[in-house]
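Each chain, written out:
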Amino acid sequence: MEPLLLGRGLIVSLIFFLLKFSKAIEIPSSVQQVPTIIKQSKVQVAFPFDEYFQIECEAKGNPEPTFSWTKDGNPFYFTDHRIITSNNSGTFRIPNEGHISHFQGKYRCFASNKLGIAMSEEIEFIVPSVPKFPKEKIDPLEVEEGDPVVLPCNPPKGLPPLHIYWMNIELEHIEQDERVYMSQKGDLYFANVEEKDSRNDYCCFAAFPRLRTIVQKMPMKLTVNSLKHANDSSSSTEIGSKANSIKQRKPKLLLPPTESGSESSITILKGEILLLECFAEGLPTPQVDWNKIGGDLPKGRETKENYGKTLKIENVSYQDKGNYRCTASNFLGTATHDFHVIVEEPPRWTKKPQSAVYSTGSNGILLCEAEGEPQPTIKWRVNGSPVDNHPFAGDVVFPREISFTNLQPNHTAVYQCEASNVHGTILANANIDVVDVRPLIQTKDGENYATVVGYSAFLHCEFFASPEAVVSWQKVEEVKPLEGRRYHIYENGTLQINRTTEEDAGSYSCWVENAIGKTAVTANLDIRNATKLRVSPKNPRIPKSHMLELHCESKCDSHLKHSLKLSWSKDGEAFEINGTEDGRIIIDGANLTISNVTLEDQGIYCCSAHTALDSAADITQVTVLDVPDPPENLHLSERQNRSVRLTWEAGADHNSDISEYIVEFEGNKEEPGRWDELTRVQGKKTTVILPLAPFVRYQFRVIAVNEVGRSQPSQPSDHHETPPAAPDRNPQNIRVQASQPKEMIIKWEPLKSMEQNGPGLEYRVTWKPQGAPVEWEEETVTNHTLRVMTPAVYAPYDVKVQAINQLGSGPDPQSVTLYSGEDYPDTAPVIHGVDVINSTLVKVTWSTVPKDRVHGRLKGYQINWWKTKSLLDGRTHPKEVNILRFSGQRNSGMVPSLDAFSEFHLTVLAYNSKGAGPESEPYIFQTPEGVPEQPTFLKVIKVDKDTATLSWGLPKKLNGNLTGYLLQYQIINDTYEIGELNDINITTPSKPSWHLSNLNATTKYKFYLRACTSQGCGKPITEESSTLGEGKYAGLYDDISTQGWFIGLMCAIALLTLLLLTVCFVKRNRGGKYSVKEKEDLHPDPEIQSVKDETFGEYSDSDEKPLKGSLRSLNRDMQPTESADSLVEYGEGDHGLFSEDGSFIGAYAGSKEKGSVESNGSSTATFPLRA
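Residues numbered from 1 in each chain as written. Predicted model: local features only at pLDDT ≥ 70, side-chain atom pairs only at ≥ 80, totals over all residues. Heavy atoms only, no water.

A.B. asks: Can you help me understand the confidence of the model for the protein chain in this one?
C.D. replies: Low pLDDT means the predicted coordinates in that region are not meant to be read closely. Scored by pLDDT, the protein chain comes out at a mean of 85, with 85% of its residues at no less than 70. Note on residues 229-240: pLDDT under 50 across the span, and eight contacts to partners over four residues away in sequence or across chains. Note that pLDDT drops below 50 for residues 1032-1042; the model gives that stretch eleven contacts with residues more than four away or on any other chain. (pLDDT = per-residue confidence, 0-100. Contact = heavy atoms within 4.5 Å.)

A.B. asks: Just to check I follow, could you spell out the side chain of Gln 416 for this structure?
C.D. replies: With respect to the helices and strands, Gln 416 occurs in strand S36 (residues 413-421). Within the structure, Gln 416 has its side chain in polar contact with the backbone oxygen of Ile 117 (distance 3.1 Å). Side chain to side chain, Gln 416 and Asn 429 meet in a polar contact 2.8 Å long. If we ignore the near neighbours within four places in the chain, the residues touching Gln 416 are Ile 117, Ala 118, Met 119, Lys 379, Trp 380, Arg 381, Val 382, Asn 383, Gly 384, Leu 427, Ala 428 and Asn 429. (Helix = DSSP H or I, 4+ residues; strand = E, 2+ residues; numbered from the N terminus. Polar contact = N/O pair within 3.5 Å; in protein donor to acceptor, adjacent residues only side chain to side chain.)

A.B. asks: Looking at this structure, how should I read unusual backbone geometry?
C.D. replies: The omega torsion of the bond from Pro 160 to Pro 161 falls at 5°, within 30 degrees of zero and hence cis. You can see Pro 161 is positioned in the loop between strand S13 (149-151) and strand S14 (163-167). With an omega of -5°, the peptide bond running from Ser 536 to Pro 537 counts as cis. Tracing the backbone through its elements, the reader meets Pro 537 in the loop between strand S47 (532-536) and strand S48 (541-543). Of note, the phi angle at Asn 406 is positive, near 50°, even though the residue is not glycine. Inspection of the secondary structure puts Asn 406 in the loop between strand S35 (401-404) and S36. A positive phi angle, near 65°, is found at Lys 742, a position not held by glycine.

A.B. asks: Honestly, the pattern of salt bridges in this entry has me stumped. Any pointers?
C.D. replies: Oppositely charged side chains may form a pair once their charged atoms are brought near each other. Summed over all chains, the structure comprises 47 salt bridges. Between Glu 56 and Lys 39 there is a salt bridge, and its shortest N-O distance comes to 3.3 Å. With Glu 56 in the loop between strand S3 (52-55) and strand S4 (57-62) and Lys 39 in strand S1 (residues 33-40), this pair connects stretches of sequence that are 17 residues apart. (Salt bridge = Lys/Arg side-chain N within 4 Å of Asp/Glu carboxyl O.)

A.B. asks: Would you explain a nonpolar patch on the surface in this entry?
C.D. replies: Taken together, the side chains of Leu 1049, Met 1050 and Ile 1053 present a nonpolar region at the surface, about 240 Å² in accessible area. Tracing the backbone through its elements, the reader meets Ile 1053 in helix H4 (residues 1044-1069). (Patch = residues over 30% accessible without salt bridge, like charges linked within 9 Å, V, L, I, M, F, W, Y side chains within 5 Å. Areas by Shrake-Rupley, 256 points an atom, 1.4 Å probe, with all protein chains shown as cover.)

A.B. asks: Would you mind going over the pairing of strand S46 (residues 518-528) with me for this structure?
C.D. replies: Within a regular strand, side chains alternate between the sheet's two faces. The sheet contact formed by strand S39 (residues 447-452) and S46 spans six bridges and is parallel. Residue pairing in the sheet places Glu 447 in a bridge with Ala 523 of S46. What sits between the antiparallel neighbours strand S45 (residues 506-513) and S46 is a turn of four residues. (Pairing = 2+ DSSP bridges.)

A.B. asks: How should I be thinking about the packing of aromatic side chains in this particular structure?
C.D. replies: The full count for this structure, using the stated rule, is 26 aromatic pairs. Pairing Phe 53 with Phe 125 gives two aromatic rings, centres 5.9 Å apart and planes at 50°, and the pair type is tilted. Taken together, the positions of Phe 53 in strand S3 and Phe 125 in strand S11 (residues 123-126) put the pair 72 residues apart, joining distant regions of the chain. Grouping residues by exposure puts Phe 53 and Phe 125 together as buried. (Phe/Tyr/Trp six-rings, centres within 6.5 Å; stacked < 30°, edge-to-face > 60°. Buried < 20%, exposed > 50% of the residue type's maximum accessible area, 1.4 Å probe, protein only.)

A.B. asks: In this structure, what is going on with the sheet that holds strand S63 (residues 732-737)? I would like to understand it.
C.D. replies: Adjacent strands of a sheet form backbone hydrogen bonds with each other and so pair up, either parallel or antiparallel. Read from one edge of the open sheet, three strands run S63-S64-S67, paired in antiparallel fashion. What marks the edges here is a single partner per strand, and that holds for S63 and strand S67 (785-789). On average, each strand axis in the sheet is tilted by 25° relative to the strand beside it, whichever way the strands run. Of the strand pairs in this sheet, S63 and strand S64 (residues 743-749) are connected by four bridges, and their pairing is antiparallel. Each bridged residue has a counterpart across the sheet, and for Arg 735 the counterpart in S64 is Lys 747. (Axes fitted to C-alpha atoms, helices over the stretch in contact; angles between N-to-C directions.)

Following this line, the structure appears as structure tokens:
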């Protein structure tokens, strides 16, 4: 793309410079030359609202020209003191003061010096008068209904254009139609008047917009008398009809007027608008038609206006001359008029004389030709005078040319050629300058130029020389002139270097030499790096409605960065600077973003970069993808009972190949209007043989699929109906629904409408006891369920279900085994024993229930247990039954999450699909002691420089007889290094505080407190505190603890603490997090750290959180010093507590009962399992 743009840039640059260098030679102002008029007025109108009126005439020349004027062919002198002139200029002003009408006329300006005289074209100065209607008395006009009438306007003369309006005194326009018409001269014509035309305020208004003036004619009165007949009994309608029949007449032309005869001539200038008008009186109102005799009206330029009364031809040409006829007609006759149209033209140049510079002894020629209609006459002047009066007019003078030979300096003059006909005059000045001068280089010396590598460089050396000069260029450091195909020197001296390289940089000299002498200048050339662009992504394919983002990466020379401008276009059409107004297309410099892409956004996007020296562009082809158009023209053929061929035509794929077609059908009698998929066809195929079912009235449609998605469905095909047949299949999913003992409710999936194959669908059900040598029992039903009574509970039966309809039976059915209804188990298991694993976990074993006593399919066993009393205080507990179920045939199970040091009762029962059987006899067992929970709180209540007093609360659950406490402490001091751990065994369980001594002053300590039983110590509670400084605050608590202000302060602190705890509680309930984890990471509990290292490997906050869904956390009752192993190892194999899919199947329930042995309430329990 870059070479293409480079070439295009070279072509544009070349055309620009060729145009620049081909213009006429400009003589430097320092060289003597004849005057040249460079500015003059055309027509000047003295509008009354202007302050002054300026008539311009400016000229250049050497020596400086002087100016003179003529008015209407006579010398005009600035004798009127009101005229304002300008120095070194022919322009003068006439102030709008007093009477200025005597200034009206045609002016001509003459600029002269010793070498010649230049003459301007005529300048017309118009002093318009104020237009006025004459004061006159207009007699009323009285006519009879049906008569023709003309109301004259006769507008006053004034500065064109003139606009005429007919209005009433209320300034409402008089309505014009086929019957009423205003002519171009302003007269108002009535083909036939009606009684409604009567009014006394017909006013003609003449508007002169350039004068900002509107004048009004005196109002005219028109009275239309209705024709009356003697028959008074006649209705008004009959009277009007009779009157009109009397006035009816054939057309008669009012425009053009009768005195002009049947023909008239009109002269029109080429390029103007031709208006021909015809208006006829008559009754009924005549219709006007136009035609060109011997030809056709010009198509596209002719229009008929004012209800056909005006023929308008725009931009008249010579082909429009000829005869035009208007025909006015009604049913009584016709009237015609012919217009002979003559097309003429003011003079216009075909060869305009050109100024030229000659050297002494040279030859020359002046040509002057003009066209027009009539043919213009040509007149020559020299220095403003007739050519005959000049001593040296030329060797040969013809009407259309003047030739010169052996020109001399004294032959220098200004020649004027004037072409004129009846429609105007045109004038051209041609300077003949005979000059001999050494070359004058007009380009500044030392000019700096720059271009881009690969582009052309242009070094200017504009000069003037007479006689002609030779131009040469060379590099400053080289002697030889530049030669080669890469270099080109234009006539005006400019050097072009094609396909520049970095080696072209440097200084150049331009030498201009003629017979009189030679001159030189230097020029400096810098070479810049070319600008480069890359648009990404390249040729993206984007789905419709998605967002498209294009990026334009640019790289340019550092000297050109300030001038770098990026722009975007699509298919050659430039975008607005910031994109579209609706914001869908956004342009942000190098980025183009299009939201919600549509198919119209597809095309070639171009990023263009422009600098002061070069330009570059890169393109990307954006392809917009969309779902296909729906397939068309669906056709059915090869119709069979069980198949039909469907053929279609593919719709537009929208730039993404169709991968497949989805054929859908509609024909379900149960759900009419529902479309289901029948088959899929590869995208290249547009025909398929469709398999069909009997007894269906089919209709098909096709959906096309490509990578974007699915098309809209096609229009449905014609209907195709298949004949009925016997069923092809039997019902599936034959099963027994939950039923009462000794009965079977047999159910199956009924055949769908499309599977019935015919009318009268029924189901034949046969059954017999499995393995029994008896006949099959049979029953036929129309629905999809059957109730059968059986002699035994949960007995196996062979069952068959066959579909039948009016045309026959389905295939032989396969037999399935079903069982009759279940009953409750009638025997309870016997508990063999309860093995205590630890203080919260036991293993229960029992005997299984015989299969014949289950009365159904055994689903598992259920353990019920409840706490009766605490062994710590002997207090009895109300009965709250907990339930845990174990699926499958088994004889043991684990019961977790028990309270330590307590007595429990436990029962076992079997259950099947019907429900639970009787419970076993209660089994009584006790759990041993465990370790206590952590103390409820730990506080440092008093601290000194080397002592501290701690206080704590009893654990919430003791889980045994409390034997004492283990108090530990160590130095922490907010660093990662911790001090040695010190232990203190407190053997008095009833003592809720301890006094520590021999502590270090100004030191931070962390304290750990555990409650202990005979089974060990529980989890610690921690607290941190710092001792006081040396000697500063010793005995502080003894001195201030009794002060009133101290007590008030403590109360305020307690209140703030309570408020903070409330906020923390709310935050915790909402999922708030605390920084405890971070603190424990910094100063961990030594025992926990030990456990982590030896057992778990890595500590996690979630280790001690109950799983989601648990209503009661079991792990808070478990003791860290006892087993927390997975319950799987206590079950029978890997599935001790898990179902077939690996999930925990034990259902833990806690329900409060009063005297009830069984409980229906349950809640699921989860257990923490060690990985």
